[in-house]
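# Per-entry structural report
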Amino acid sequence: IMMITHKVQLSDRIKLQNALMFVSAIDKTMKEKDLYKTHTMTELLDTLDIIKRYQSLGKIAHIGEITLKQRKIYKYFGFNTPS
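Below you will find a few notes about this structure. (Residues numbered from 1 in each chain as written. Predicted model: local features only at pLDDT ≥ 70, side-chain atom pairs only at ≥ 80, totals over all residues. Heavy atoms only, no water.)

## Concerning helix H3 (residues 68–76)
Along H3, the residues classified as buried are Gln 70, Ile 73 and Tyr 74. Axial view of H3: buried residues confined to an arc of 100°, hence all on one face. Structural note: H3 exposes Leu 68 and Lys 75 on the side pointing more than 90 degrees away from its buried face. The secondary structure elements touched by the buried residues of H3 are helix H2 (41–49). (Buried < 20%, exposed > 50% of the residue type's maximum accessible area, 1.4 Å probe, protein only. Helix = DSSP H or I, 4+ residues; strand = E, 2+ residues; numbered from the N terminus. Arc of directions from axis to C-beta. Contact = heavy atoms within 4.5 Å.)

This is the structure:
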């Protein structure tokens, strides 16, 4: 039982470390691009969270409408807009 508990805790630590690295990278980019003047990190993530991906069984996936604001966020972070 102790070994199983240790594995779960280690897994949780790894997830937490990954999350912290992700947030740190977002924070760095937001500071470099002065995005904190117009967005909070939560607002920025919420804006991207509403992008929908659709796929029917056996069909190619497609992305729902992407707003101009979402396209700008992708550009700030150096990513291509999903298509």
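Still more to cover.
## Description of the environment of Ile 66
Structurally, the position occupied by Ile 66 is in the loop between strand S2 (62–63) and H3. Owing to a relative accessible area of 9%, Ile 66 belongs among the buried residues under this scheme. Spatially, the C-alpha atoms of Ile 66 and Phe 77 are 16 Å apart, while their sequence positions differ by 11 residues. In this structure Ile 66 touches Ile 51, Arg 71, Thr 81 and Pro 82, once residues within four positions along its chain are discounted.

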